[in-house]
Amino acid sequence: MSLSYVFFTGSACALLLLAAAKLAISYRQQAAGRWLILLLAGVLCYLVWPLLSLQHPLARLLVDLPTILVPAAFWLFAFTLCSESDAFPPWGWALVVPSVVVSVAANHLDFPAAPALHETLYVLAQPFKLALIAAGMLALLQQFQSDLVEARRRLRAVLLIAVGGYMLIVVCAEFLFSYQPVPAGVPTLHAVLASLLALAACLWLLALSPEALAESLPRPPEPDVAEEVAEQAPLPLDEQQHQLLQKLQAHMESGGYRHTGLTIRELAEQLHAREHVLRALINRHLGYRNFNEYLNQFRIDEASARLADPRQAHLPVLTIALDIGYRSLSPFNAAFKRRHSQTPTEYRREQLPA
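If you're wondering where the values come from, they're calculated on a predicted model, not measured in any experiment.

Calculation criteria
Residues numbered from 1 in each chain as written. Predicted model: local features only at pLDDT ≥ 70, side-chain atom pairs only at ≥ 80, totals over all residues. Heavy atoms only, no water. Helix = DSSP H or I, 4+ residues; strand = E, 2+ residues; numbered from the N terminus. Expected span 1.5 Å × (residues − 1). Buried < 20%, exposed > 50% of the residue type's maximum accessible area, 1.4 Å probe, protein only. Contact = heavy atoms within 4.5 Å. Salt bridge = Lys/Arg side-chain N within 4 Å of Asp/Glu carboxyl O. Disulfide = S-S within 2.5 Å. Phe/Tyr/Trp six-rings, centres within 6.5 Å; stacked < 30°, edge-to-face > 60°. Core = buried A, V, L, I, M, F, W, Y, C linked by side-chain atoms within 4.5 Å.

Caption draft 1: Up close: helix α3 (residues 57-68). Over its twelve residues, α3 extends 15 Å from the first C-alpha to the last, a length consistent with the 16 Å expected when each residue adds 1.5 Å. Along α3, the positions that sit buried rather than exposed are D64, P66, T67 and I68. Contact partners of the buried residues in α3: α2 (31-48), α4 (70-82) and α5 (90-108).

Right, here's the structure in full:
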């Protein structure tokens, strides 16, 4: 290994250790923080692997395992960061577990009786890695426009472009260079890029925006979003913000939330306001972190009243869901159950006993 490669690799590892220490001190109690720590540990192990000469199989496995877990940790961190209190889907584990098993088998098991099996497992591991990284990038993209936390929106964009893109390039390059010589300078270039990314992460985490990650990480789940928002002390408003808040409240009380597929951008246009100003108002003053949850407050209030109204007992639940702005029954049922811990049909049956 060249001296420049060792230097930049060491720099990147030192910065990653610094970032991991900060995360361990401040965010180890949160699931997203732990997945991010695992992600950094995997990148660190990946960088130091070429500098080590480990012979014992167990030692090699222990050092390589965090690297193998990097794509899964990326997806889990992205999902936990962006999904608030939603649980990681069971089918996700059905993708994560085989990916880890196949990668471990390809990297650390010998098959003397079937030498071609090793290469087959290695080739099979690459689509698994790409799928996990793509799933993480998709999680960052989902409901991006609905995210009202500005610090988290910026973090999503950085993770999507810089981290997700970097990981995709590394996986593809590894697979490519497994079958042809690595061009001179590529390892050093990789170490330089890793150092720059680690430096940017440390600057953002420790100096430029030390509170940004705390603002971005999901809060502990509450049984009722409306109660959580009501308990928060509203921030003082200037005259312009106060006027916009009045317009917003009047618009929603008149049924503005019933527009199917309503976005924060469309709402800002309807109110003749700037989108970023409206985002900040709903997030910082009203306390909502997601625009859909803000809409759900009004939609579920109306749905609850209509489901409990004997005069509307003949209306199908789907009709009510479509009337108040949902595209289909599934998201309505999910939002309703988060509020009342029961389905709309169960709620109606309880409110209107036969």
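Resuming the write-up.
Caption draft 2: Layout of the pattern of salt bridges. According to the stated counting rule, one finds eleven salt bridges in the structure shown. When the shortest N-O distance is used, the salt bridge between D301 and R339 registers 2.9 Å. You can see D301 sitting in helix α14 (residues 291-307) and its partner R339 sitting in helix α16 (residues 329-340), a full 38 residues away along the chain. One salt bridge in this structure joins E302 and R306, with 3.3 Å as the shortest N-O distance. Of this pair, E302 and R306 both sit in helix α14, four residues apart, which is roughly one turn of that helix. Accessibility assignment for this pair places E302 and R306 in one class, buried. A single salt-bridge network, built from bridges that share partners, covers R258, E302, R306 and D323.

Caption draft 3: Fine view of the state of the cysteines. What the rule picks out here adds up to zero disulfides. A disulfide-free cysteine, C45 has its sulfur positioned 8.7 Å from the sulfur of C13, the nearest such atom. What makes C45 buried here is its relative accessible area of 14%. In this structure C202 is not part of a disulfide, and its nearest cysteine sulfur, from C13, lies 12 Å away.

Caption draft 4: Quick peek at helix α6 (residues 115-141). With 27 residues, α6 should cover 39 Å at 1.5 Å per step; its first-to-last C-alpha distance of 41 Å lies within 8% of that length. Phi turns positive one or two residues past the end of α6, at Q143, with a value near 55°.

Caption draft 5: A look at unusual backbone geometry. In this structure, H272 takes a positive phi of about 55° despite not being glycine. Mapped onto the elements, H272 comes out in the loop between α12 (264-270) and α13 (275-285). Residue S341 is not a glycine yet carries a positive backbone phi of 60°. By the secondary structure assignment, S341 is in the loop between α16 and α17 (344-351).

Caption draft 6: Seen up close, the environment of Y294. Note that Y294 resides in helix α14. A C-alpha to C-alpha distance of 8.0 Å links Y294 and I282, two positions twelve residues apart in sequence.

Caption draft 7: Structural detail: the environment of R34. Locating R34 in the fold gives a position in helix α2. Linking R34 and E215, residues 181 residues apart in sequence, is a C-alpha distance of 16 Å. In this structure, R34 is in contact with Y27, R28 and Q29, ignoring residues within four places of it in sequence.

Caption draft 8: The arrangement of the packing of aromatic side chains in detail. Across all of its chains, the model carries 13 aromatic pairs by this definition. Geometrically, the ring pair formed by F291 and Y294 is tilted, given 6.3 Å between the ring centres and 35° between the ring planes. Here Y294 and F291 lie together in helix α14, a separation of three residues that amounts to about one turn. Feature note: the residues W75, F79, F88, W91 and W93 constitute an aromatic cluster, connected by ring pairs.

Caption draft 9: Local environment of the nonpolar core. Ranked by internal contacts, the top residues of the largest apolar core, which has 39 residues, are L23, F74, F77, L81, L140, L213 and L217. Of all the elements in the fold, those that place two or more residues in this core are α1 (3-27), α2, α4, α6, α7 (150-177) and α8 (186-208). Per-element tally for this core: the top contributor is α1, with eight residues. Residue contacts for L81: discarding those within four places in its chain leaves L140, R152, L155, L159, S216, L217 and P218. By size, the runner-up hydrophobic cluster in this structure holds 20 residues, among which are L148, L244, L271 and Y294.

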